[in-house]
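Examination of the molecular architecture
Take a look at the letters that make up each chain.
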Amino acid sequence: MKWQISEQMITAACKAARENFEASTRRLAEAAAEFQRRVDVRAPSKSSRAAEIVALVKGSDWPRVYPQGLFELAPWLGDRERIAFNPADWREVDASMFRHALEQHH
């Protein structure tokens, strides 16, 4: 049996993938903003570190931040620092929503 993939099917698949990525990006940005707000209120001494992480995930460097325990090779990042996000480092706030959004986006 021959499999034929039409241009329409490829276009539809690409569109669906783009829409999924954009939705995931929005969820990550929303979770990051909520994480930053919670840190600002409950752990002001950690606000600047949280702001660095949030700035990364909201920009094109989002792959540099990954959930701790998620092993992922990222050779395109070169030797730039990668940040393993661990909710245990943020005991003052509930960071589970942010971690989940990171997991889903990766």
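Please refer to the structure higher up on the page.
Residues numbered from 1 in each chain as written. Predicted model: local features only at pLDDT ≥ 70, side-chain atom pairs only at ≥ 80, totals over all residues. Heavy atoms only, no water.

Observations regarding the nonpolar core
By size, the foremost hydrophobic cluster in this structure holds 20 residues, and its most contacted members are F35, V65, F85, W90 and F98. Taken together, the elements giving at least two residues each to this core come down to α1 (7–42), α2 (47–58), β2 (83–85) and α3 (96–105). When neighbours within four sequence positions are excluded, W90 is seen to be in contact with F35, V39, K46, R49, A50, I53 and F85. (Core = buried A, V, L, I, M, F, W, Y, C linked by side-chain atoms within 4.5 Å. Buried < 20%, exposed > 50% of the residue type's maximum accessible area, 1.4 Å probe, protein only. Helix = DSSP H or I, 4+ residues; strand = E, 2+ residues; numbered from the N terminus. Contact = heavy atoms within 4.5 Å.)

Considerations on the environment of R38
Assignment of secondary structure puts R38 in helix α1. Relative accessible area serves as the criterion here: at 26%, R38 is assigned to the partly exposed category. Considered as a pair, R38 and A95 are 57 residues apart in the sequence and their alpha carbons are 8.8 Å apart. Residues in contact with R38, not counting those within four places in the same chain, are A43, V93 and D94. Looking at R38, its side chain comes within polar contact range of the main-chain oxygen of D94, at 3.1 Å. (Polar contact = N/O pair within 3.5 Å; in protein donor to acceptor, adjacent residues only side chain to side chain.)

A short note on the packing of α1 against α3
Look at α1 against α3: their axes get within 9 Å of each other, and the N-to-C directions meet at 160°. Comparing their axes, α3 and α1 come out roughly antiparallel. The chirality of how α1 crosses α3 is left-handed. Along the contact surface, α1 presents F21, S24, T25, R27, L28, A31, A32, E34 and F35, while α3 presents M97, F98, A101, L102, Q104 and H105. Residues belonging to the contact of α1 with α3 are distributed by class as follows: 9 nonpolar, 4 polar and 2 charged. (Axes fitted to C-alpha atoms, helices over the stretch in contact; angles between N-to-C directions. Parallel < 35°, antiparallel > 145°, perpendicular 65-115°, else oblique. Left-handed = near helix turned anticlockwise from the far one by under 90°. Nonpolar A, V, L, I, M, F, W, Y, C, P; charged D, E, K, R; others polar.)

Some remarks on the side chain of H105
Looking at where H105 falls in the secondary structure, it is placed in helix α3. Looking at H105, its side chain comes within polar contact range of the side chain of S24, at 2.5 Å. Beyond its immediate sequence surroundings of up to four residues, H105 is in contact with F21, S24, T25, L28 and W62.

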